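Read off the chains here:
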Amino acid sequence: MHSISPAPSLQSLFKISPLAHLAPKTYSPQCVLKFESGSLVPTGIESSRADWQSMCAILASNVVSQQQDTDEAENSVLSSVNGHKSLNVVPVEKYMPKALTIANLAPDPSHGSTLRVAYQGVPGAYSEAAAGKAYPKCEAIPCDQFEVAFQAVELWIADRAVLPVENSLGGSIHRNYDLLLRHRLHIVGEVQLPVHHCLLALPGVRKEYLNRVISHPQALAQCEHTLTKLGLTVAREAVDDTAGAAEFIAANNLRDTAAIASARAAELYGLNILASDIQDDSSNVTRFVMLAREPIIPRTDRPFKTSIVFAHDKGTSVLFKVLSAFAFRNISLTKIESRPHRNRPIRLVDDANVGTAKHFEYMFYIDFEASMADVRAQNALAEVQEFTSFLRVLGSYPMDMTPWSPSPHDDDD
């Protein structure tokens, strides 16, 4: 547990999972992907497209409905993982349980070394690339839903999760903001990934043969004008993710359909790139957060960012007071997001003059540029606590300071 001084009342903001969560067994997927020398290759498996499709273990989507109360989030479980009815990815009867050793309590290995990192999507997804950027030598574990990635870390199937929270063009990924509150994981880092969309189709297919384009809804929206300039006035259909669209075309031999996905997806699924960097805005960046079971120790020797969530029940003026607590201490806010208060979506206010009024209730998410080791941040949150009915620190973590440049539009379309 963090010890925060000089505001001891803030100690409760960091909620650290107890040691009881250590599982007596280790969980390892039947097939994982490993990053080596900047590229991702299957471990112990032939690298053909058919093997990718048939042998890569993707965590199942049969997730037990989560309880909305965050205090009960730790009790959520997967009803099926890789087709097995138990929580073990590998049948438990084949392996004897291992007792805990000092290695289970030791710190994580050096940055990116042998970590198992969960991400949403299939191989070739942008989330996979973000996992590789965050942890260059990790074992990447694909999950078919965001919630499965959260649970993979909670159940010790993965050590980290790397999930998107906002895009410079499409805005916030609201689902993951809701899941941050519902689960007990901590933000331990962030990574910003430039997005380079490509138009992919089967070998031999030309643009004039196409009848439709499929991809994730945000990818379709981000390439709308460019598709029109390419003369593709065809149907556009949304699917779950970009790399999944490429996989679907390859698996079903669809010669009248193109996908918007990454160049890596084209390589994995045997597709040709008909056009590169087709996003309407070259400054297309997605921000991902890295999640772990335990928080990291805040520091002041490098730029840090802190993410919090809070609720209030005393009227709209409270939000002004909360923001003022940061403004008076010259702490810059980088994001503020509001989400419905699911446990209490509507607040009734009785007034003798106008009767009963109904107000929507919201949770507020804020990112600010300061470490929890900074006295300014500690004092700001101590003041915020006075105005809020609920306050939780989601994480205090190093900012991603990696420089990036706009996409270098390729003329060899």
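Structure: above.
First things first, this report covers the structure right here in the doc.

What counts as what
- Counting restarts for each chain, with residues numbered from 1 along the sequence as it is written.
- Reporting of local features is limited, given that this is a predicted model, to residues whose pLDDT is at least 70; pairs of side-chain atoms are given and counted only at 80 or more, and all residues count toward the totals for whole chains, interfaces and linings.
- Values reported for side chains reflect all heavy atoms of the structure, with hydrogen atoms and water molecules removed beforehand.
- DSSP-based pairing: two strands are paired if at least 2 bridges between them are found.
- Helical segments are the DSSP runs of H or I of at least four residues, strand segments are the runs of E of at least two, and each set is numbered from the N terminus.
- All axes here are fitted lines through C-alpha atoms, helices being fitted over the stretch that makes contact, and every angle between N-to-C directions spans 0 to 180 degrees.
- In this analysis, two residues are considered to be in contact whenever any of their non-hydrogen atoms come within 4.5 Å of each other.
- Type-normalised accessible area, obtained with a 1.4 Å probe on protein chains alone, sets the label of each residue: buried when under 20%, exposed when over 50%, and partly exposed for intermediate values.
- Note on ring pairs: Phe, Tyr and Trp rings are taken, using the six-membered ring of Trp, and paired if centres are within 6.5 Å. Classes follow the plane angle, with under 30 degrees stacked, over 60 edge-to-face and the rest tilted.
- Among the buried residues, those of types Ala, Val, Leu, Ile, Met, Phe, Trp, Tyr and Cys that are joined through side-chain atoms within 4.5 Å form a nonpolar core.
- Start and end positions for the domains come from either an automated domain assignment or a database one.

**Section: the sheet that holds strand 14 (residues 304–311)**
A sheet is described by the order of its strands in space; here four strands give the open sequence 15-18-14-19, paired in antiparallel fashion. In this open sheet, the two edge strands, each paired with only one partner strand, are strand 15 (333–340) and strand 19 (390–398). The mean angle between the axes of side-by-side strands here comes to 15°, regardless of whether they run parallel or antiparallel. Bridge analysis of strand 14 against strand 18 (residues 362–368) gives six bridges, and the strand direction is antiparallel. Bridge pairing in strand 18 links Ala311 to Met363. Sheet strands touched by helix 5 (residues 174–182): strand 14, strand 15, strand 18 and strand 19. Its angle to strand 15, the strand with the most contacts, is close to 85°.

**Notes on the environment of Met399**
Tracing the chain through its elements places Met399 in the segment after strand 19. On the accessibility criterion, Met399 (14% relative accessible area) is buried. Taking C-alpha positions, Met399 is 9.7 Å from Gln192, a pair spaced 207 residues apart along the chain. If we ignore the near neighbours within four places in the chain, the residues touching Met399 are Glu190, Arg302, Pro303, Phe304, Lys305 and Glu369.

**A closer look at unusual backbone geometry**
Excluding glycine, residues mostly have negative phi values, and the peptide bonds linking residues are mostly trans. Even without glycine at this site, Trp156 takes up a positive phi of about 65°. Note on placement: Trp156 falls in the loop between helix 4 (146–154) and strand 5 (160–167). Here the phi dihedral of Asn330 falls at roughly 60°; this positive angle occurs in a residue that is not glycine. By secondary structure assignment, the location of Asn330 is in the loop between helix 10 (317–327) and strand 15. Residue class for Asn330 comes out exposed when judged on its relative accessible area of 63%.

**As for the packing of aromatic side chains**
Per the stated rule, a full pass over the model turns up three aromatic pairs. Seen in terms of ring centroids, Tyr177 and Tyr365 are 5.1 Å apart; in terms of plane orientation they differ by 75°. Their pairing is edge-to-face. In this pair, Tyr177 sits in helix 5 while Tyr365 sits in strand 18, placing the two residues 188 residues apart along the sequence. Tyr177 gets classed as buried once you look at its relative accessible area, which sits at 5%. Judged by centre distance (4.9 Å) and plane angle (40°), the rings of Phe326 and Phe368 are tilted. Remark: Phe368 occurs in strand 18 and Phe326 occurs in helix 10; sequence separation between them is 42 residues.

**Observations concerning the sheet that holds strand 11 (residues 257–261)**
Read across the open sheet, the five strands follow the order 10-9-11-8-12; overall the sheet is mixed. The outermost strands of the open sheet, each flanked by one partner alone, are strand 10 (235–238) and strand 12 (272–276). Mean inter-strand twist for the sheet, computed between neighbouring axes without regard to direction, equals 30°. Strand direction decides the pairing type here: strand 8 (residues 198–201) and strand 11, joined by three bridges, are antiparallel. Considered in strand 11, the bridge of Cys198 is made with Ala261. Most of the contacts of helix 8 (residues 242–252) go to strand 11, to which it runs at about 150°, and overall it touches strand 8, strand 9 (212–215) and strand 11.

**Here's the deal with the nonpolar core**
The biggest cluster of nonpolar side chains holds 37 residues, and the ones touching the most others in it are Leu199, Ile260 and Leu271. Broken down by secondary-structure element, the contributors of at least two residues to this core are strand 8, strand 9, helix 6 (217–222), helix 8, strand 11, helix 9 (263–269) and strand 12. Looking at this core element by element, the count peaks at five residues for helix 8. Domain assignment of the residues forming this core places at least three in each of domain 1 (114–193 + 284–294) and domain 2 (197–278). If you look at the next biggest cluster of nonpolar residues, it comprises 30 residues, including Phe146, Val148, Leu179 and Leu181.

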